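Coordinate analysis (summary)
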Amino acid sequence: MFSATSLLALISFGSALATPLATSSTAFSVHELRQSVPSGFTEVGPAAPEATITLRIALAQSDPDGIIDALYSVSDPESASYGQHLTKDEVNRFVAPSDETVQAVDAWLEDNGLTAKRLSPAGDWLSLEVPVSQASSLLNTNFSIFRHAETGTESIRTLAYSLPQSLRGHIDLVHPTVSFPVPIMRTDATVHKAGLSRRDLSAACGNGTTPACLQGLYNIPLTPATQKDNNLGVTGFFGNSAHFAWLESFLKAERPDMDPTTNFTVVGVDGGTNDQDAPSVSEGELDIQYTVGLATNVPVTYYFVGFDNQDGDLSGFLDEANLLLSLDKPPQVLTTSYGFQESTLSFALTDKLCQAYAQLGARGTTILFASGDSGVGCAPGSSSNFEPTFPSNCPFVTSVGGTQSFSPEEGWVGSSGGFSNYYARPSYQDSAVSAYLNTLGSTNQGRFNASGRAFPDIAAKADDFRIFEVDQFFSIQGTSAASPTVASIIALLNDRLAAAGKPPLGFLNPWLYKEGLNAFTDITTGNSSIKCSSNDTLRGFDAVPGWDPVTGLGTPRFDKLLDLLHL
């Protein structure tokens, strides 16, 4: 199990009250609070009482520890239950609120003339639209308008809210309240909008990173997949359309052995549409061209998230997870190239998403996240502390860092990595990370939480990826290229496993740190560095023998993974 500490939201069940609105016979206690307005926001004034706010209520789950235990049981190669992934109904039995919780919350809402809509398959998330005046009464608080200085966006939030003491233990959180909206970070760092010459097949990586380069570097086969029920999911956000015609041109040029009309399926989330008339911003092209074009004949689904988010400040991440959890057969792999700075959302909110990924892992889905492109990162409002990324900090996902060059590979300078301030280090990585810290000594001491969940877990090439847009090839770099590469490798391994009558790999990390690392190439040179202020010196982490916070355990070798899996 893991422990966690929130830096932003202090959860209290004491007698202190958020600013009371009126005398009431209901006894309230403060549920969440933050001590100050977050950096970058200013309070404009009180929210209009008649303004509408959509509240999302996270109900206490029946057995949240049980689903984590079940996840580890099916993911640990030394467990008798290894690979025996749970069904949707089995997961829901852990996650669904108890009858007592449902009755208590329903009664509270009914007393206030309200009915909530269910958002999640297990019923642990509810939603309701109310005027600000009623939301203030429900939560015994005052809502204000806060403006984000950089974007000018205004949001209705509060610095504390309370719940009736009768609901203690029944509600985990209500939002949007003390978490403030932050922009999603795309992890592709740089796009070079200059035409590139065609690759020289005799030097696979000499003219940039292409499918042929990755196939040579990681021994990825050209052999087509055969199992049609083996699915690879790709997350898309914010108008990052993937164009069918450009994929066809990419396949003609870079995978002449494939049918160039090989395509992908699109599933809209929160009103998302893969608009073929929209201009490209590269991310969608990259993610699709290097899954369809690398995981030969593996069915690929593009889960395209729009702006009609039901999960508030989680910007569709939880909505996507809930959609996948509602499926009888979720994809066996999901790769996502977007994230947040860890400290920009409360622990209570981020942990709800992390738990959803644990549920998917227990179902047999490998969850991969690009670690980010900001090196060690800089904590908001600090000139010295490093800043982890989320969801890479979640112990139940596999975080993918980046490398550059070839013969040999070295750590990519932008590869995000470090240590969570929210999650303690999980036991599966104790040995590998402790060895690194012993070698590190006092370097960067005090800038990071040495006892936190360490990331990335693994890495892949992140530099000079060729993608096709409009009428020519461009070059792009970032861990958003590394994650789809790893996803393609895992999807091809799952294809072989399915053909042999075996279950998919599922949640990778316990297996990775015990056995899988033997099929990875240790990256021992390179670094990720950053200046956190103009007066600061360049600081960061180095790639070293063994696990490190630049490249994790290293880069995969498909042939060695096959041997390790006895395929």
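See above for the structure.
None of the values given here were measured: they were computed from a predicted structure.

**Some details on the overall build of the protein chain**
- From N to C terminus, the protein chain includes 13 helices and 30 strands.
- Its C-alpha atoms give the protein chain a radius of gyration of 23 Å, near enough to 24 Å, the size a compact globule of 567 residues would have.
- Seen through its C-alpha atoms, the protein chain measures out along the principal axes to roughly 80 × 55 × 50 Å.
- Across the 567 residues of the protein chain, 59% fall into the buried class.
- When the accessible area of the protein chain is evaluated, it comes to approximately 20,800 Å², of which 49% is carbon and sulfur surface.

**Remarks on helix α6 (residues 244-254)**
- Turning to α6, its buried residues are W246, L247, F250, L251, A253 and E254. All buried residues of α6 lie within an arc of 165 degrees about the axis, which places them on one face of the element.
- The elements touched by buried residues of α6 are α5 (211-218), α7 (283-292), β25 (465-469) and β26 (472-478).

**Structural notes on the sheet that holds strand β3 (residues 41-46)**
- Reading across from one edge, β3-β7-β8 is the order of the 3 strands in this open sheet, with antiparallel pairing throughout. Looking at the sheet topology across the chains shown, the edges are occupied by β3 and β8 (154-157). Looking at each pair of strands side by side, their axes are set apart by 35 degrees on average, direction ignored.
- Sheet analysis places strand β7 (residues 144-148) next to β8, joined by 4 bridges and oriented antiparallel. In the strand pairing of β8, F146 is matched with S155.

**Let's talk about the pattern of salt bridges**
- Taken as a whole, this structure holds 12 salt bridges when the rule is applied.
- One salt bridge in this structure joins K352 and D172, with 2.6 Å as the shortest N-O distance. In this pair, K352 sits in helix α9 (residues 347-363) while D172 sits in strand β10 (residues 171-175), placing the two residues 180 residues apart along the sequence.
- Judged by relative accessible area, which is 6%, K352 ranks as buried.
- For D172, a relative accessible area of 30% translates into the label partly exposed.
- Close ionic contact of D463 with K461 constitutes a salt bridge, the shortest N to O distance being 2.6 Å. Here D463 and K461 have matching classes, each one buried.
- Connected through salt bridges with shared partners, the residues D76, E78 and K514 form a single ionic network.

**Let's talk about the packing of α6 against α7**
- One can describe the packing of α6 onto α7 by two numbers: an axis separation of 10 Å at closest approach and a directional angle of 45 degrees. Relative to α7, the element α6 is oriented oblique. In the crossing of α6 with α7, the sense of the turn from one axis to the other is right-handed. Facing α6, whose interface residues are W246, L247, F250 and L251, α7 presents E285, I288, Q289, Y290 and V292.
- Looking at the contact of α6 with α7 residue by residue, the class counts come to 7 nonpolar, 1 polar and 1 charged.

**Concerning the side chain of N393**
- Tracing the backbone shows N393 in the loop between β19 (389-390) and β20 (398-404).
- Take N393: its relative accessible area is 0%, and that puts it in the buried class.
- Ignoring sequence-local partners within four residues, the contact set of N393 consists of E342, S420, Y422, Y423 and R453.

**Digging into the environment of V95**
- Along the chain, V95 turns up in helix α2 (residues 88-95).
- Each C-alpha atom of the pair V95 and G417 lies 31 Å from the other, and the pair is 322 residues apart in sequence.
- Residues within four places of V95 in sequence aside, it is in contact with Q61, S62, A122, D124 and Q359.

**A few points about the sheet that holds β10**
- Sheet architecture is open: 4 strands sit in the order β5-β6-β4-β10, paired in antiparallel fashion. Taken across any chain shown, the strands that pair with only one partner, and hence form the sheet edges, are β5 (117-118) and β10.
- By the bridge criterion, 2 bridges tie β5 to strand β6 (residues 125-131) in an arrangement that is antiparallel. Counterpart to K117 in the pairing with β6 is S127.
- Along the sheet face, α9 touches β4 (52-59), β6 and β10 and points at about 110 degrees away from the line of β10.

**Thoughts on the state of the cysteines**
- Here the structure, examined in full by the defined rule, presents 2 disulfides.
- Here C205 pairs with C213 through a disulfide, and the sulfurs are 1.9 Å apart. One disulfide, between C205 and C213, carries an S-S torsion of 95 degrees and so falls in the right-handed class. The burial state of C205 is the same as that of C213; both residues are buried.
- Two residues share a disulfide in this structure: C354 and C394, whose sulfurs sit 2.0 Å from each other. Disulfide C354 to C394: torsion about the S-S bond roughly 85 degrees, handedness right-handed. Highlighted residues: C354 in helix α9 and C394 in the loop between β19 and β20, separated in sequence by 40 residues. Across the pair, exposure class does not vary: C354 and C394 are buried alike.

**Quick word on unusual backbone geometry**
- The peptide bond linking H175 to P176 adopts the cis configuration, its omega dihedral lying at 10 degrees.
- Positive phi values are uncommon outside glycine, yet D270 reaches one of about 55 degrees.
- For D270, the location among the structural elements is in the loop between β14 (265-269) and α7.
- For D270, a relative accessible area of 13% corresponds to the buried category.
- A positive phi angle is found at V470, which is not glycine, with a value near 60 degrees.
- By secondary structure assignment, the location of V470 is in the loop between β25 and β26.

**Focus on the packing of aromatic side chains**
- Counted under the stated rule, the structure contains 29 aromatic pairs.
- On the basis of an interplanar angle of 70 degrees and a centroid distance of 5.1 Å, the ring pair of F41 and F180 is categorised as edge-to-face. You can see F41 sitting in strand β3 and its partner F180 sitting in the loop between β10 and β11 (185-186), a full 139 residues away along the chain.
- Grouped by ring-pair contacts, the aromatic residues F237, F317, Y338, F340, Y357, F369 and F390 constitute a single cluster.

**A closer look at the pairing of strand β9 (residues 160-164)**
- Burial analysis of β9 places 5 of its 5 residues in the buried class, which makes it a mostly covered element.
- Relative to β9, strand β2 (residues 28-33) runs antiparallel, the two being bridged by 5 bridges. Counted as the bridge partner of L33 is A160 from β9.

So, how was this worked out
- Residues numbered from 1 in each chain as written.
- Predicted model: local features only at pLDDT ≥ 70, side-chain atom pairs only at ≥ 80, totals over all residues.
- Heavy atoms only, no water.
- Helix = DSSP H or I, 4+ residues; strand = E, 2+ residues; numbered from the N terminus.
- Rg over C-alpha atoms; globule rule 2.2 N^0.38 Å.
- Buried < 20%, exposed > 50% of the residue type's maximum accessible area, 1.4 Å probe, protein only.
- Areas by Shrake-Rupley, 256 points an atom, 1.4 Å probe, with all protein chains shown as cover.
- Arc of directions from axis to C-beta.
- Contact = heavy atoms within 4.5 Å.
- Pairing = 2+ DSSP bridges.
- Axes fitted to C-alpha atoms, helices over the stretch in contact; angles between N-to-C directions.
- Salt bridge = Lys/Arg side-chain N within 4 Å of Asp/Glu carboxyl O.
- Parallel < 35°, antiparallel > 145°, perpendicular 65-115°, else oblique.
- Left-handed = near helix turned anticlockwise from the far one by under 90°.
- Nonpolar A, V, L, I, M, F, W, Y, C, P; charged D, E, K, R; others polar.
- Disulfide = S-S within 2.5 Å.
- Phe/Tyr/Trp six-rings, centres within 6.5 Å; stacked < 30°, edge-to-face > 60°.

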